[in-house]
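# Architecture at a glance
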Amino acid sequence: MVIRRFRPKSGDTPAGQFEQLIEPHLQHLYQLAYRFSNNQTDAEDLVQDVVVKLLPRSKEMAQIEKLRPWLAKVLYRQFIDRYRQHERSPLSLVTEGDDTLSQHPDPSGETPETRTEADLTQKRLTMALLTLNEDQRAVVLLHDVEGYTLSELESILDSPQGTLKSRLNRARTQLREHLQKSEQ
Amino acid sequence: MDCKQLQRCIDDYLDGVLPAGEQHLAETHLAGCVDCQGQLNQIQELRHALRALPVPPPSPDFTRRVLVKARQQSQRRRQRLTGGLATALAASLVMWIGVALFQPGSNSPGIDTIVMGISDTREVKLVFNAPENFQQVSLQLELSGNIELTGFAGRRDIEWQTALKKGANTLVLPITATGHGQAEVVAHIKHEGKIRTFRIPLKVHNSGAKLQSVQIPVSV
């Protein structure tokens, strides 16, 4: 016996709507996550965390004009949270063979002696990137590597353009110095 | 544009986001300044090398796996919340029964006494805020004192099955006062062995009052 019919509040977001929004950006998010983490497994986990986190926010996402920089910001925040959590953790889980620089075995089987100059430069550059601090690395990876404009980075990294420009300059100088030293 | 000015906008120049006028000034300066041109080349070379850094493809079926896993985790999270709610309901029940046992005659916390006049009718709205859809919920109303549920004269106990949707669900109770004194409406919500009870205290005066509406929000 129903005294009065209930008036349910609608508003459940179908998962399909979320998937339509996020799917076109997943490969890019993975690429970005890889740039930050330098590790395929970590990059996939990072993207997974972001997607789980965003699933209840599809309505908000649907209102965002430029979704890609917004997603980059969420991903970067998630990366920083993970990074800081890892830094705070007294113990860290190390997977066997989990070495940043030996992640990708050379399919050609070339030895260091026969490796091309381009490969060596990539190795040196990867090492050089690791010498940058967290803020410098973020601005270099997002701007110089992934091509976000400084205007977009203002929002992604929550820093004014002036700060970003000087951070970028210092980072580039440091990268060049490191490359020059490693070539000697 | 001089060297200092170019330094400030060199990234915007490379990003192609300089306004047309400034772009032209930068190009003119670069054409005549070996130092600035050299610096521009250095930045471009570094960018080129950085962009050439390889990214291995994700593991096979990455996109589908991410989306499926997200859906599964989201469902598990919702189930945990529902489980948490059930625990909270149980804990809450102890509190509400505790109040009834140890403080006989006390009002339910959070719900003020509704004052009515004899022969008045008031609409009491119970708004259940449900965190999830509940398919089958049992609702039971118990009336005591000199009140009646309009349309159900003489009935002291009414029970029925219904569903609660996520969000606000409003139950409108038109209550008529038939005599003076204390009265009470007790609403029980039962779901999968859990029960939540709300007590709505009423007081009926001899003097008349106008038809009024009272809204009581509660969380399920």
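One structure accompanies this document, and this report is about it.

On to the sheet that holds strand E1 (residues 114–117) of chain B, then. Residue and element names in this part refer to chain B. Read across the sheet, five strands follow the order E1-E8-E7-E3-E5 without closing on themselves; strand pairing throughout is mixed. Each having just a single partner strand, E1 and strand E5 (157–164) make up the two edges of the open sheet. Looking at each pair of strands side by side, their axes are set apart by 25° on average, direction ignored. Note: strand E7 (residues 181–191) against strand E8 (residues 194–205), eleven bridges, orientation antiparallel. Paired with Ala-183 across the two strands is Leu-202, which belongs to E8.

Where the residue is not glycine, phi is negative for most of them; where a peptide bond is considered, it is trans in most cases. Located in the positive-phi region is Asn38(A), a residue other than glycine, with phi close to 60°. Tracing the backbone through its elements, the reader meets Asn38(A) in the loop between helix H2 (26–37) and helix H3 (40–54). Take Asn38(A): its relative accessible area is 13%, and that puts it in the buried class. Unusually for a residue other than glycine, Asp61(B) sits at a positive phi of about 65°. Residue position: Asp61(B) is located in the loop between helix H3 (34–51) and helix H4 (62–102). In this structure Asp61(B) comes out as partly exposed when scored by relative accessible area, which is 42%.

The next point concerns the side chain of Thr197(B). Residues and elements named next belong to chain B. Relative to the assigned elements, Thr-197 resides in strand E8. For Thr-197, a relative accessible area of 7% corresponds to the buried category. One polar contact links Thr-197 to His-188, side chain to side chain, over a distance of 2.9 Å.

About the thresholds
Residues numbered from 1 in each chain as written. Chains lettered and ligands numbered in written order. Predicted model: local features only at pLDDT ≥ 70, side-chain atom pairs only at ≥ 80, totals over all residues. Heavy atoms only, no water. Pairing = 2+ DSSP bridges. Helix = DSSP H or I, 4+ residues; strand = E, 2+ residues; numbered from the N terminus. Axes fitted to C-alpha atoms, helices over the stretch in contact; angles between N-to-C directions. Buried < 20%, exposed > 50% of the residue type's maximum accessible area, 1.4 Å probe, protein only. Polar contact = N/O pair within 3.5 Å; in protein donor to acceptor, adjacent residues only side chain to side chain.

Keep in mind these numbers describe shape, not what the thing actually does.
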